[in-house]
Amino acid sequence: MEKLLNSQVVEQIQQAFAQFKEPVRILFFGSKENCGYCDETRQLLEEVVVLHDQLSLEVYDLQENADVAAKFNVDKSPVIVLAALDGTEVKDLGIQFSGIPSGHEFGTFINDILLVSGRDSRLSPQTRAFLQGLEKPLHLQVFVTPT
């Protein structure tokens, strides 16, 4: 199978990953049925994970591993969950990608891996104070479409 990431992109990712601090676990949820881009998404993740020794990948089937999917609030495929790995504990930080992170989303995906690795959202003190003042859960979703 032909690689999705060429040598120039691999080199850029490796340079970015020089900032890596803590282990990151990538969880991939695919499906054997009606899953456009599942194979490509998994291949992309496999190509990225080998670029740093503190990255690891777990692969799940949405139907066969429904308990794991429910634990990480996954209800469709393909979905990528970026989680912190502390020892053997996988901590869900609520960062998910639905579909394949391609085009401009790929840069965001790499940046989010680094955010999880740094264990810091880089939010301003004012934003952190505002969020601490929330009195009920907030479900935030960001949607992007390639154009």
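Topic: the overall build of the chain
- Counting its secondary structure elements, the chain contains five helices and four strands.
- Going residue by residue from the N terminus, the α and β elements of the chain occur as α-β-α-β-α-β-β-α-α.
- Relative to a compact globule of 147 residues, whose C-alpha radius of gyration would be 15 Å, the chain shows 16 Å and is just as compact.
- If you line up the chain on its principal axes, its C-alpha atoms span 50 × 40 × 35 Å.
- Put simply, the chain has 147 residues, and 37% of those count as buried.

Quick word on the state of the cysteines
- Under the defined criterion, the tally for this structure stands at one disulfide.
- There is a disulfide in this structure between Cys35 and Cys38, and the S-S distance comes to 1.5 Å. One disulfide, between Cys35 and Cys38, carries an S-S torsion of 50 degrees and so falls in the right-handed class.

Concerning the nonpolar core
- Counting residues in hydrophobic clusters, the biggest one holds 26 residues, and the most contacted among them are Phe17, Ile26, Val48, Leu55, Phe109, Ile110 and Ile113.
- Mapped by element, the contributors of at least two residues to this core are helix 1 (7–16), strand 1 (24–30), helix 2 (38–49), strand 3 (79–86) and helix 4 (104–118).
- The element best represented in this core is helix 4, accounting for six residues.
- Setting aside chain neighbours within four positions, we find Phe109 in contact with Ile26, Leu45, Val48, Ile80, Leu82, Phe97 and Pro101.

Observations regarding the environment of Val49
- Locating Val49 in the fold gives a position in helix 2.
- On the basis of relative accessible area, Val49 is assigned to the buried category, the value being 13%.
- Each C-alpha atom of the pair Val49 and Val74 lies 21 Å from the other, and the pair is 25 residues apart in sequence.
- Residues in contact with Val49, not counting those within four places in the same chain, are Ile26, Leu55, Ser56 and Leu57.

Definitions and cut-offs
Residues numbered from 1 in each chain as written. Predicted model: local features only at pLDDT ≥ 70, side-chain atom pairs only at ≥ 80, totals over all residues. Heavy atoms only, no water. Helix = DSSP H or I, 4+ residues; strand = E, 2+ residues; numbered from the N terminus. Rg over C-alpha atoms; globule rule 2.2 N^0.38 Å. Buried < 20%, exposed > 50% of the residue type's maximum accessible area, 1.4 Å probe, protein only. Disulfide = S-S within 2.5 Å. Core = buried A, V, L, I, M, F, W, Y, C linked by side-chain atoms within 4.5 Å. Contact = heavy atoms within 4.5 Å.

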